[in-house]
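# Structural description and commentary
What follows is the residue order along each chain.
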Amino acid sequence: MLFSGKALSVQMLDNGIAELKFDLQGESVNKFNRLTVSEFSQALDAIEAAKDIKGVLLTSGKSVFIVGADITEFGGAFSAGPEGIADLMNKNNENISRLEDLPVPSVAAINGYALGGGFEVCLGCDYRVMGDQAKVGLPEVKLGLIPGWGGTVRLPRVVGVDVAAEWIAAGKEQRPDAALTAHAVDAVVPTDKLKDAALKLLGRAIDGELDYKARREIKKSPIPLNDIEALMAFFTTKAFVGAQAGKNYPSPVKAVESIEQGYKVTREEALKIEQQKFIECAQTDTAKSLVGLFLNDQKIGKVAKGWEKKADKKIERAAVLGAGIMGGGIAYQSAYKGTPIKMKDIDQKGIDLGLKEANKLLSKLVQRGRMTAEKMGETLNRIEPTLSYDGFDDIDVVVEAVVENPKVKHAVLKEVEGKVTEDTVIASNTSTISIDSLAEPLQRPENFLGMHFFNPVHKMPLVEVIRGEKTSENAIARVVAYANKMGKKAIVVRDCPGFLVNRVLFPYFAGFSMLVRDGADFQEVDKVMERWGWPMGPAYLMDVVGIDTGVHAEEVMAEGFPERMGKTFTAASDVMYEAGRYGQKNDKGFYNYEEDKKGKPKKVATEESYELLKPHVADRREFEKDEIIERMMVPMATELARCLEEGIVESPAEADMALIYGIGFPPFRGGIFAWLDKVGLDAFVKMADKYADLGELYKPTERMREMAAKGETYYGDDK
Ligand SMILES: NC(=O)c1ccc[n+]([C@@H]2O[C@H](COP(=O)([O-])OP(=O)(O)OC[C@H]3O[C@@H](n4cnc5c(N)ncnc54)[C@H](O)[C@@H]3O)[C@@H](O)[C@H]2O)c1
């Protein structure tokens, strides 16, 4: 053993080959934390000092290769300013260049995920062999960053500037076929043959059959590109990448700039340019938010896993009642992720629709080569359509997704409770009805709770798991386990009207209604909020949700929180509803909808909406952009703070992730609590107080005022 550490080791194999194996103790994955970086450097000392080494093989002792940098170390280092950031990056940059400069050839055997720094170290090797189940990629832009360990320097020298710019700016993981076509790797082999194949390749380089030195020279030299060609290529790429990412996400363009400025200089100079750009990105609010979001995501993942461990059994069989939009979606997702599911309806038409939708989604996967026809058949077989309760005595979780009507739901829930076993958990997908009130007719309310999916189920990551007064811990644990199995992000919240997400969404809609009432143009409000980062503005969002659904939910919220959400005027949504304009579902709402070339609904402005609104709103007037943002965001933020204070949601991290995953709150802002921390509670309270005459929704809570006075933040030192 040449070197043996806690993160990696170097062992001599036959024929003078040193195997440098990454295997971080006490962790399920390899990552470049400070320990690994430091041991990597010591391992290189040992390799450089050994006289008889003929080649180096990089391997992993885990199912992944290396997943990248340790993102938990970013927060501290990034807040230490440019020097702290450079300090975090320098050592591994040096390591990878040292690996590249060894007097012997090197090969990486990529057995699993090699992402970010994990792929950058592979690019430092002379050759790369990839297992057929592995993935490579440079996903740093997803954190608002760019690769910082030579990714923008070596990848363009290996695969060419165009492919490198595309890969890095999109941050996507690449599958073996794409990696091979791009020449990012030299061979793809079945995982069990990987080490042998890598050793063979290394042997050929050692024997002089392959000219590894020539390859290496290419990675260390400027890229021979004609100036005019380069100018054209980078000009168009930057414009395209910039338009794709939008101004709130600057790092993809910075990554292309790093390639552009680095291609004509040597490796050392290019690495310096890259580091400068990395530091610039690391200091942006976007990077701070996205890194925070990544950490929050890990936190909610851990909480969900914790629940899963508490479940009395694994979820092996599920059932869904109602094969409509939601029931069909739930059945599809369950089957797609491997849990067989009975799909019961009272109407054959409903079942046919549910199956048709599942078929459509699966066919798309087959067409795109993401699934074989055989797997599609297997998946469809996991959905068992039925008009009866036969076999319901063998089900672990039942999800109720029938029409949103308390009487119907009461009847259906009582009925199904009589058909299942004593321990079966029953969950309702209601979007508005209180879980405690739905539990009233049940014999076993401890086995009942909410499991609120979002539409469309296969796309929307969030599932709110709603605990009622009497819900048992085991019922929550089973449903979270089921959500995990379905690949969803489960967040456990307490019962209240609207639960968490809709409870804060409707105050936001109320802010919108007041703006329109006071003379704002709804299209202008949409534009401003979209520029602020929302995927769609409030009028458009209401059209997509369905104005009828929205108006109904508004009534529920008004009843639940009359002091803040009670109706005091005819809102724009009421006007649309009365006129039969239900939104995208019947092609007219605030906007009209037409089919675009791909058959998708495209919104077009219409005078009709303005005419309908005229009798109910003040004369049109211009609003400052900031006023629109503040009037929209203050009610949402104060309601979310209330939810935290009331224990509806446990932590700021869970609340922020729920809104990002549930309604697309702009990720680059990190979530509402992250946004409040950035604005500062003191400034926020002053902002809210400007609008005190708009009503209770604009009044910060006492706790917010107290926190503002003490200079406290929601995340504290948590990030
Ligand atoms: N559509 C959404 O955006 C959305 C989002 C989240 C939650 N939800 C909630 O999900 C539930 C279902 O909504 P949807 O949009 O899928 O409705 P939907 O009208 O598309 O489907 C309801 C289905 O339930 C069936 N049904 C009615 N009574 C039944 C019974 N006794 N047994 C079995 N099936 C019965 C109907 O035949 C129909 O197929 C509602 O509670 C709704 O609030 C909807």
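The sections below set out a description of the structure shown in this document. (Residues numbered from 1 in each chain as written. Predicted model: local features only at pLDDT ≥ 70, side-chain atom pairs only at ≥ 80, totals over all residues. Heavy atoms only, no water.)

On to the side chain of H452, then. With respect to the secondary-structure elements, H452 resides in strand β15 (residues 448–453). Contacts of H452, omitting those with residues within four sequence positions, involve S428, N429, T430, S431, L462, V463, E464, I466, F499 and N502. (Helix = DSSP H or I, 4+ residues; strand = E, 2+ residues; numbered from the N terminus. Contact = heavy atoms within 4.5 Å.)

Here we take up the pattern of salt bridges. Evaluated as defined, the whole model comprises 56 salt bridges. One salt bridge in this structure joins E260 and K238, with 3.0 Å as the shortest N-O distance. Placement of E260 in helix α11 (residues 251–262) and of K238 in helix α10 (residues 227–245) is noted, with a sequence separation of 22 residues between them. A relative accessible area of 24% places K238 in the partly exposed class. Put simply, E100, D101, R154, K219, K220, R267 and E268 are held in one network by salt bridges that share partners. (Salt bridge = Lys/Arg side-chain N within 4 Å of Asp/Glu carboxyl O. Buried < 20%, exposed > 50% of the residue type's maximum accessible area, 1.4 Å probe, protein only.)

Glycine aside, negative phi is the norm for most residues, and most peptide bonds take the trans geometry. Here the bond from N455 into P456 is cis, since omega is -5°, no more than 30 degrees from zero. Looking at the element boundaries, P456 is found in the loop between β15 and β16 (462–467). A positive phi is found at H183, a non-glycine position, where the angle reads about 65°. Its location among the elements puts H183 in the loop between α7 (176–181) and β9 (187–189). Residues other than glycine seldom take positive phi values, yet F499 does so here, at roughly 55°. Of note, F499 is situated in the loop between β17 (489–494) and α20 (501–517).

This paragraph deals with the site of the ligand. In the region of the ligand, 19 residues are neighbours, and M326, D345, E404, K409 and S431 sit closest. Here V402 contributes a backbone N or O atom positioned 3.3 Å from an oxygen atom of the ligand. One of the side-chain N or O atoms of K409 is found 2.6 Å from an oxygen atom in the ligand. For the ligand, the accessible surface in isolation is 830 Å², of which the surrounding protein chains cover 79%. Of all elements in the fold, only α14 (325–336), α17 (406–417) and β15 reach the threshold of two or more residues within the shell around the ligand. (Near = heavy atom within 4 Å. Polar contact = N/O pair within 3.5 Å; in protein donor to acceptor, adjacent residues only side chain to side chain. Areas by Shrake-Rupley, 256 points an atom, 1.4 Å probe, with all protein chains shown as cover.)

For α11, spanning 12 residues, the distance from its first C-alpha to its last is 16 Å, which sits close to the expected 16 Å at 1.5 Å a residue. Most of α11 is tucked away: 9 of the 12 residues are buried. Looking only at α11, the buried set comprises S251, P252, A255, V256, E257, S258, I259, E260 and G262. The secondary structure elements touched by the buried residues of α11 are α5 (151–159), α6 (161–170), α10 and α12 (267–282). (Expected span 1.5 Å × (residues − 1).)

This next bit is on the packing of α11 against α12. At a closest axis distance of 9 Å, the pairing of α11 and α12 adopts a crossing angle of 165°. Accordingly, the angle class assigned to the pair α11 and α12 is roughly antiparallel. Classified by chirality, the crossing of α12 by α11 is right-handed. Side by side, α11 and α12 meet where S251, K254, E257, S258, Q261 and G262 of the first sit next to A270, I273, E274, K277, E280 and C281 of the second. Residue composition of the contact of α11 with α12, grouped by class: 3 nonpolar, 4 polar and 5 charged. (Axes fitted to C-alpha atoms, helices over the stretch in contact; angles between N-to-C directions. Parallel < 35°, antiparallel > 145°, perpendicular 65-115°, else oblique. Left-handed = near helix turned anticlockwise from the far one by under 90°. Nonpolar A, V, L, I, M, F, W, Y, C, P; charged D, E, K, R; others polar.)

Quick look at the sheet that holds strand β12 (residues 383–386) now. Across a sheet, strands are paired by hydrogen bonds formed along the backbone, either parallel or antiparallel in direction. Taken together, the 8 strands give an open sheet; going across it, the order is β12-β11-β10-β13-β14-β15-β16-β17, and neighbouring strands pair in mixed fashion. Every interior strand has two partners, whereas the edge strands, β12 and β17, have only one. Across this sheet, the average inter-strand angle for adjacent strands is 25°, counted without regard to direction. In terms of strand pairing, strand β14 (residues 425–428) meets β15 through 3 bridges, oriented parallel. The residue of β15 that forms the bridge with S428 is G450. The strands touched by helix α13 (residues 285–310) within the sheet are β16 and β17, with β17 carrying the most contacts at an inclination of about 75°. (Pairing = 2+ DSSP bridges.)

Turning to α17, a few remarks are in order. Along its 12 residues, α17 runs 16 Å from first to last C-alpha, staying within 8% of the 16 Å computed at 1.5 Å per residue. In the core, the buried residues of α17 are packed alongside β10 (318–321), β13 (397–400), β14, α18 (435–439) and β15. Where α17 begins, the capping side chain belongs to N405, and its oxygen is found 2.9 Å from the backbone nitrogen of K407.

Topologically, Y336 is positioned in helix α14. Linking Y336 and K356, residues 20 residues apart in sequence, is a C-alpha distance of 15 Å. Apart from residues no more than four positions distant in its own chain, Y336 is found in contact with L362, L365, M371, T379 and R382.

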